[in-house]
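Survey of secondary and tertiary structure
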Amino acid sequence: MYGDWKGIVRENCGLLAAMMFIEVLGGGVLNSMEALFSVFPAILSFVPVINAIGGNIGSVMGARLSSSLHLGTVRPALSDPKIREDMETSVLIGILAIFISAISLYAILPMMGVRVSMEPVKWIGIVAISAVTMISTVLPAAVMATIWSFKKGRSPDDFTIPVVSTLGDFMGIISILIAVKMVGL
Amino acid sequence: MDRRKFIREALPVLTFLGTIEVFTGYVLSGAGLKAIPGLLAVVPALISLRGNVSGSFASRLGSMAHLGIFDPEKPFKTAKEGVKAVVFMSVAFSVLAGIFASLILYGTGHDVDFVGIIFVVSMTALLSSLLLSTLSILSVSISFRRKIDPDNVVVPIISTVGDLMSVAIMAFFIWLWGVVL
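It should be emphasised that the depicted structure is a prediction, and the values quoted were computed from it without experimental measurement.

Turning to the interface of chain A and chain B, a few remarks are in order. A common measure of how large an interface is: the accessible area buried when the components associate. Tallying the contact residues gives 60 residues for chain A and 48 residues for chain B. The contact between chain A and chain B buries some 4900 Å² in all, and 77% of this surface belongs to carbon and sulfur atoms. Across the contact surface, chain A and chain B share one salt bridge. Between R3(B) and E88(A) there is a salt bridge, with the nearest N and O atoms lying 3.4 Å from each other. Seen at the junction of chain A and chain B, the total is four residue pairs in polar contact (both at pLDDT 80 or more). Elements represented by at least two residues in the side of chain A that touches chain B include exactly helix 1 (5-32), helix 2 (34-39), helix 3 (41-71), helix 4 (81-111) and helix 6 (156-183) of chain A. Here the side of chain A that touches chain B is built from residues that sort into 35 nonpolar, 16 polar and nine charged.

Overall, the coordinates contain nine aromatic pairs over all chains when judged by the stated rule. Arranged with centres 6.0 Å apart and planes meeting at 45°, the rings of Y106(A) and W123(A) form a pair that is tilted. Linking Y106(A) in helix 4 with W123(A) in helix 5 (residues 120-151), this pair joins segments that are 17 residues apart in sequence. Chaining the aromatic ring pairs together yields one cluster made of F119(B), F172(B), F173(B), W175(B) and W177(B). In this structure, R64(A) is placed above the aromatic ring of F6(B), and the distance from its NZ or CZ to the ring centre is 3.6 Å.

Turning next to helix 5 of chain A. Over its 32 residues, helix 5 of chain A extends 46 Å from the first C-alpha to the last, a length consistent with the 46 Å expected when each residue adds 1.5 Å. Just downstream of helix 5 of chain A, G153(A) is the residue with a positive phi angle, here 75°.

Glancing now at the side chain of S139(B). Within the secondary structure, S139(B) sits in helix 5 (residues 114-145). Within polar-contact distance, the side chain of S139(B) engages the backbone oxygen of L135(B) at 2.4 Å.

All names here are of chain A. Interhelical geometry of helix 3 versus helix 5 gives an angle of 30° and a closest axis separation of 9 Å. Judged by the inter-axis angle, helix 3 sits roughly parallel to helix 5. The way helix 3 lies across helix 5 gives a crossing that is right-handed. Partitioning the contact of helix 3 with helix 5 into residue classes produces 19 nonpolar, eight polar and no charged.

The rules behind these values
- Residues numbered from 1 in each chain as written.
- Chains lettered and ligands numbered in written order.
- Predicted model: local features only at pLDDT ≥ 70, side-chain atom pairs only at ≥ 80, totals over all residues.
- Heavy atoms only, no water.
- Contact = heavy atoms within 4.5 Å.
- Buried area = accessible area lost by both parts, 1.4 Å probe.
- Salt bridge = Lys/Arg side-chain N within 4 Å of Asp/Glu carboxyl O.
- Polar contact = N/O pair within 3.5 Å; in protein donor to acceptor, adjacent residues only side chain to side chain.
- Helix = DSSP H or I, 4+ residues; strand = E, 2+ residues; numbered from the N terminus.
- Nonpolar A, V, L, I, M, F, W, Y, C, P; charged D, E, K, R; others polar.
- Phe/Tyr/Trp six-rings, centres within 6.5 Å; stacked < 30°, edge-to-face > 60°.
- Lys NZ or Arg CZ within 6 Å of the ring centre and 35° of its normal.
- Expected span 1.5 Å × (residues − 1).
- Axes fitted to C-alpha atoms, helices over the stretch in contact; angles between N-to-C directions.
- Parallel < 35°, antiparallel > 145°, perpendicular 65-115°, else oblique.
- Left-handed = near helix turned anticlockwise from the far one by under 90°.

In structure tokens, the structure reads:
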């Protein structure tokens, strides 16, 4: 069904290359935050957590929306009330998931020998700001990417998931950076 | 779109997978990234590339299983071309990411160990793409035989295990680079 390996490579390499460039830009920001991580290693441990949850909630939203679009139960427009409702629920799930994980992180890290060395209030502040920044970027992007690829006749599975998970990784780093700047250390 | 069902199913999975990522972060913070200046900049690209390439491979295998063209008796034969594509794309794009990141860092006046970065990213991509392809094929054929829908389990397994595995493999090659030097 997908032919030989060269066919698969041809089909995917444009999108992968674009995503790779965005990731490297995010990595450049991460690299410039290195000094921060040597003082507060707990923040580096939080990066994969928020990236994964942000990417996953976006992918889940995209997958649900693309099924509904295929079934014809929603219109491909941001104004559709069912899409709105699903986005609100996703915001709730995403923020709760990030909070529960961040609280577990605060308890688990010292057991693994990583210093948290930060007041709980600051930790909660950083988590809250980065969660809100992350979710408010990733969810609209997931919805728009899914609607766009659906209208263009591309499979949303092949398009939304790479786009949203890459954006999740990029925004995870940026949102932690914004949160750290706002809360201060 | 039932709101309660959505929360009940998605919240535990996302929280669990997110918390598992703590271990990835832990391995990452202990991986000795500082030994190779500039390597940290390639880490997100390396991890997400693995997710994009191996994740879509796994989801493609799931579709093949649904269409009845994935033979669970000869899983490796059926998936051969897909594995070649995964390994090729993983290594090629990791090396490209390494080159691109090095150029940016060098241009902005940061320290870069170019040879070290290329060694670690290419070896990590090669080994992790081989292991993750095997894991994808095994998870699809096992879930297929047990009548579990591969779409529901394989991609989350690959993305979570894959993150942890890539970071652990990278830590190994950073260590090896230090020993060789």
